[in-house]
Each structure stands twice: as C-alpha cells, then as structure tokens.
Amino acid sequence: MEKKNPPKIPFTPIGQVLKSIIDQCRAENKDGILQLIEVWDKTIGPPISDNARPFAIMGSHLVVHVSSSAWLHQLQFLKNTLLEKFNHGLPGGPITDIKFKIGRF
C-alpha cells in the first residue's frame, strides 16, 4: 500500500501568527489607546511620559507599561497624583486605578 503525501502547506512563523492575533485583539480598542496616550502625554508630561505609557484599559483600570523597575517603584508612590491629573484631562469616564507593569512601549 502506497503512502499518500499530505498536501504541502507553507508554514507561518509563530511570531507572525501571534502578532496577527494581538493586532486583531487591539484593533477594536486602538483609537481608545491612542487617545489615552495623547491625554497621558499632555497631562503627565516628561520625564514620566518618556518612561511610562498607557498600554491597555480594562474597564476603569488603566495598565501602564514602564521602562524599568526603578520607574515602576517610583510611580507606585505617585499613583494617586497621576490618577487625579490623568482623570482631569480625560474626556470620558474616570479611571479608578492604574496598574504599572514593566513592558515595551
């Protein structure tokens, strides 16, 4: 009995697949994140905005990626002040909490 070779399907690198999936998940919220970044840059300003950037929003919680553990630690102390400033410049509903994570931006 002769074995049939399965049709040759080109492989796609896993990195491309994951990027595509992540882009699709963010697509519906992309304008929202861009608006949050603009408000963050205007209300928070440098040097914080150079080292911390909104990454995602989950309900009324904002996830902010920071450049290092030193910045993460420092921003924890400034969380309430940042939250007040950010909400003052935000046109929509208020953000009730900020979670800082080390990440890319």
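Here the structure is shown first, and the text comes after it.
Residues numbered from 1 in each chain as written. Predicted model: local features only at pLDDT ≥ 70, side-chain atom pairs only at ≥ 80, totals over all residues. Heavy atoms only, no water.

1. Concerning helix α4 (residues 69-89)
Line of reasoning, step 1. Considering bend angle alone, the principal kink of α4 is centred on L78 and spans about 65°.
Line of reasoning, step 2. Among all positions of α4, only L75, K79, L82, L83 and F86 are buried. (Bend = angle between axes of the 7 residues up to and from the residue. Helix = DSSP H or I, 4+ residues; strand = E, 2+ residues; numbered from the N terminus. Buried < 20%, exposed > 50% of the residue type's maximum accessible area, 1.4 Å probe, protein only.)

2. A few points about the nonpolar core
Line of reasoning, step 1. Core analysis: the largest hydrophobic core is formed by 19 residues, its most contacted members being W40, L62, V64, F86 and I98.
Line of reasoning, step 2. Breaking this core down by element, the ones donating at least two residues are α2 (30-43), β2 (61-66), α4 and β3 (97-102).
Line of reasoning, step 3. For this core, the element with the most residues is α2, which contributes five residues.
Line of reasoning, step 4. For V64, the residues in contact, after removing those within four places along its chain, are W40, A52, R53, P54, F55, I98, K99, F100 and K101. (Core = buried A, V, L, I, M, F, W, Y, C linked by side-chain atoms within 4.5 Å. Contact = heavy atoms within 4.5 Å.)

3. Focus on the environment of F86
Line of reasoning, step 1. Within the secondary structure layout, F86 lies in helix α4.
Line of reasoning, step 2. For F86, a relative accessible area of 0% puts it in the buried group.
Line of reasoning, step 3. In this structure, the C-alpha to C-alpha distance between F86 and I44, residues 42 residues apart in sequence, is 6.8 Å.
Line of reasoning, step 4. In this structure F86 touches L36, V39, W40, T43, I44, L62 and I95, once residues within four positions along its chain are discounted.

What is shown is where atoms sit, not what they do.
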